[in-house]
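Remarks on the overall topology
Take a look at the letters that make up each chain.
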Amino acid sequence: MFKKWYRSMQDLRSFEYETSGVPRVSRMTKQEFVDNYDRPRRPCIFTDIVPNWPSFNSWSPDQLVERFGDCVLKCAQYNIDRDRVKMTVAQYVHYMRNNNDDSPLYVFDSGFADRIPQLLEEYEIPEYFWVDYFSVFGPKRPPFRWVILGPQRSGTSFHVDPNGTGAWNALLHGRKRWAIYPPDIIPPGIRATVDKDGYIIDFKSPNMLKWYYEVYPTLPPYLRPIEIIQRKGDMIYVPPGWWHGIVNIDETVSCTQNFVNEQNLNLAVDFLYNQGEKRMLEFFQHRLQQITPEAYKYVKRKTKKLEMADRLRIVEEQEERIRNLEEQLLQCKRKNKEFGRTIATV
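Here's what I pulled together on the structure shown here. (Residues numbered from 1 in each chain as written. Predicted model: local features only at pLDDT ≥ 70, side-chain atom pairs only at ≥ 80, totals over all residues. Heavy atoms only, no water.)

Turning next to the packing of aromatic side chains. In total, this model carries 29 aromatic pairs according to the counting rule given. On the numbers, 5.5 Å between centres and 45 degrees between planes, the contact of Trp 53 with Tyr 123 is tilted. With a gap of 70 residues between them, Trp 53 in the loop between strand E2 (44-46) and helix H3 (61-68) and Tyr 123 in the loop between helix H6 (117-120) and strand E6 (145-150) connect regions that are remote in the sequence. The buried category is assigned to Trp 53, whose relative accessible area is 6%. Judged by relative accessible area, Tyr 123 falls into the buried class, the value being 7%. (Phe/Tyr/Trp six-rings, centres within 6.5 Å; stacked < 30°, edge-to-face > 60°. Helix = DSSP H or I, 4+ residues; strand = E, 2+ residues; numbered from the N terminus. Buried < 20%, exposed > 50% of the residue type's maximum accessible area, 1.4 Å probe, protein only.)

Here you go:
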């Protein structure tokens, strides 16, 4: 109880720390991005995109209240009826500035475009992310874009973006502290269940501020994360498979979007197949065939390989069971012979 109270009392405005390793980039061609970051799956920070958006100087909390105060936003948390907590923009900003929660409510709204469509017109998808194969799902697409608002101490616990997607995250107000790990390192303090092929089936991650206060200080240098301070105007590229957790150290407003392109299409197909989303994968192939034949051919080949690997695994498992049964039968015969000799002796 004391630890929760202690976290709720913290002023995080000086909670800044940043490691080297994530380059800040500008004036980059699409091919340079593919070669240096997208294909090798390395994170980077774009500094010259967000300042050109209309939202750059019009998405502060006060401006959002003035423009859209009565519009409703959804928080990431659920109420006792297991519905997402909903507030108007004005109500949420009031809460944001008057709460002392150790894990504050955090607006993470994928349906903002339906309720505040003007927001969608005030930022642009960067040219680096124009290719997005999941767009073929149309209205059946899983949630993929969010408007995010949060006070100090709010944030997202460690996670990997779903469906094998990559993401970009653009900050319009405030500062965020990011902790990231590459795909081959599960963050310390995370309890993950991994299948025999190395895929993460499920995981549990503590509140990010709790992680920073209780896990982070115990880590030797080689287990500490790559850390980034994201400031207004920064856009972070999060490659697919990378673990990331975020703490807001100011009031923040941001937007983010997930995507599937040529470089992570294989991961998306792997994810859908291994999660048992066969119908979704079939629909994906059908839509790609109509719109992007080359991508369709790739997904079709990839799916066939996964199916063949599954069949081979089933055959190998059956053969292993037969070998085990034969061994058990042989042992039973040996024991019977030994028992027969014992009886004969008696």
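Read on, since the account is not over.
What follows deals with helix H4 (residues 89-98). Of the positions making up H4, those classed as buried are Val 89, Tyr 92, Val 93, Tyr 95 and Met 96. Seen along its axis, H4 keeps its buried residues to an arc of 160 degrees; they face one direction. Turned more than 90 degrees off the buried face of H4, the exposed positions are His 94 and Asn 98. Against H3, strand E3 (72-78), strand E4 (84-88), strand E5 (107-109) and E6 lie the buried residues of H4. (Arc of directions from axis to C-beta. Contact = heavy atoms within 4.5 Å.)

Time to look at the sheet that holds strand E12 (residues 226-231). The strands making up a sheet associate through backbone hydrogen bonding, with each pair oriented either parallel or antiparallel. Reading across the sheet, the 4 strands line up as E7-E14-E9-E12 and stay open at both edges, with antiparallel pairing between neighbours. Two strands lie at the open edges of the sheet, namely strand E7 (155-159) and E12, each paired on one side alone. On average, each strand axis in the sheet is tilted by 20 degrees relative to the strand beside it, whichever way the strands run. One ladder, built from 6 bridges, connects strand E9 (residues 175-181) with E12; its direction is antiparallel. Among the inter-strand pairings, Arg 175 is bridged to a residue of E12, identified as Arg 231. (Pairing = 2+ DSSP bridges. Axes fitted to C-alpha atoms, helices over the stretch in contact; angles between N-to-C directions.)

What follows concerns the pattern of salt bridges. Under the criterion given, the structure shown has 16 salt bridges. Between Arg 231 and Glu 18 there is a salt bridge; the shortest N-O distance is 3.8 Å. With Arg 231 in strand E12 and Glu 18 in the loop between helix H1 (2-8) and strand E1 (24-25), the pair connects residues that are 213 residues apart, well separated along the chain. Overall, Arg 231 belongs to the partly exposed group, its relative accessible area being 31%. The partly exposed category is assigned to Glu 18, whose relative accessible area is 35%. Arg 175 is the partner of Asp 250 in a salt bridge, and the nearest nitrogen-oxygen pair spans 2.4 Å. You can see Asp 250 sitting in the loop between strand E14 (243-248) and strand E15 (252-259) and its partner Arg 175 sitting in strand E9, a full 75 residues away along the chain. We note that Asp 250, like Arg 175, is buried. What you see here is one network of salt bridges that share partners, running through Glu 16, Glu 18, Arg 175, Arg 231 and Asp 250. (Salt bridge = Lys/Arg side-chain N within 4 Å of Asp/Glu carboxyl O.)

Any link to function would need more than the numbers given here.
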